[in-house]
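One-letter residues, chain by chain:
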Amino acid sequence: MGNRRPGAPSGYDPVQIYNSTSFNASGVVEYASIFCSNDRYSVQRDETWRSSGRGVCLVTKITATVRTPSGNIEAEPYTSSGTSYSQFAIIQVGVNQFRVTRVTSATRKCRK
């Protein structure tokens with residue numbers, strides 16, 4: 001069973017979505033199991049949204065709608081057959097083009 005401290009959290013780290021764009025965004029985090037409730041989120045520009053917890057739920061899809069002066073734009077979603085990764089970002093990849101991607105390094109400065 002492994003060595004677990006009493007009171008230690010179980011499962012995967014909460015999902016975090018950093019919005020690196022200049023616009024506000026919202027979307028849905030979808031999980032693999034019918035026993036896991038999807039998370040709706042809203043995140044301001046240059047801010048990070050963090051889920052309240054996810055237990056042992058694997059992420060299968062993260063969508064984002066970016067609210068720009070040109071209107072609401074659907075970002076290319078992050079998709080997976082089921083991942084335990086927890087850090088993601090919404091990035092701008094072109095004029096009115098956005099993508100949700102997994103964060104593979106932590107070189108960004110944290111804001112308080």
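Description of the structure in this document. Just so you know, these numbers come straight off a predicted model, no measurement behind them. (Residues numbered from 1 in each chain as written. Predicted model: local features only at pLDDT ≥ 70, side-chain atom pairs only at ≥ 80, totals over all residues. Heavy atoms only, no water.)

Glancing now at the overall build of the chain. In terms of helices and strands, the chain carries 0 helices and 10 strands. For the chain, the succession of helices and strands along the chain, N to C, is β-β-β-β-β-β-β-β-β-β. When each of the 112 residues of the chain is scored for burial, the buried share is 34%. Counted over contacts in the chain with a minimum sequence separation of 6, partners at least 24 positions apart contribute 58%. Here the chain displays about 7400 Å² of accessible surface, and carbon together with sulfur accounts for 45% of that area. (Helix = DSSP H or I, 4+ residues; strand = E, 2+ residues; numbered from the N terminus. Buried < 20%, exposed > 50% of the residue type's maximum accessible area, 1.4 Å probe, protein only. Contact = heavy atoms within 4.5 Å. Areas by Shrake-Rupley, 256 points an atom, 1.4 Å probe, with all protein chains shown as cover.)

On to the sheet that holds strand β10 (residues 97-102), then. Remark on secondary structure: sheet strands pair via backbone hydrogen bonds, oriented parallel or antiparallel. Read from one edge of the open sheet, 4 strands run β4-β1-β9-β10, paired in mixed fashion. Either end of the sheet is taken by a strand with one partner, and the two such strands are β4 (48-50) and β10. Averaged over all neighbouring strand pairs, the angle between strand axes comes to 25°, with direction disregarded. Relative to strand β9 (residues 87-94), strand β1 (residues 16-19) runs parallel, the two sharing 4 bridges. If you follow N19 over to β9, its bridge partner there is I90. (Pairing = 2+ DSSP bridges. Axes fitted to C-alpha atoms, helices over the stretch in contact; angles between N-to-C directions.)

Where strand β2 (residues 24-31) meets strand β6 (residues 65-68), 3 bridges bridge the pair, whose relative direction is antiparallel. Residue pairing for β6: S26 is matched across the bridge by T65. Pairing of β6 with strand β7 (residues 71-74), which is carried by 4 bridges, proceeds in the antiparallel orientation. Counted as the bridge partner of T68 is G71 from β7. The turn joining β6 and β7, which pair antiparallel and follow one another in sequence, is formed by 2 residues.

Another point: the nonpolar core. In terms of nonpolar packing, the biggest core is built from 21 residues, with V15, I17, V29, Y41, I62 and I90 touching the most fellow members. Elements with a minimum of two residues in this core: β2, β3 (39-43), β5 (59-62), β9 and β10. Considering every element that reaches this core, the biggest residue donor is β2, with 3 residues. Look past the residues within four positions of I17 in its chain and what remains in contact with it is V29, Y41, V43, E47, T48, W49, I62, F88 and I90. (Core = buried A, V, L, I, M, F, W, Y, C linked by side-chain atoms within 4.5 Å.)

Phi at D46 is positive, roughly 60°, even though this residue is not glycine. If you trace the backbone, D46 turns up in the loop between β3 and β4.

Position of V59 relative to the elements: it lies in strand β5. Along the chain, V59 and Y31 lie 28 residues apart, while their C-alpha atoms are 4.5 Å from each other. When near neighbours in sequence (up to four residues on either side) are disregarded, V59 contacts V15, V29, E30, Y31, R54, S80, G82, T83, Y85 and F88.

These values are about where atoms sit, not about what they do.
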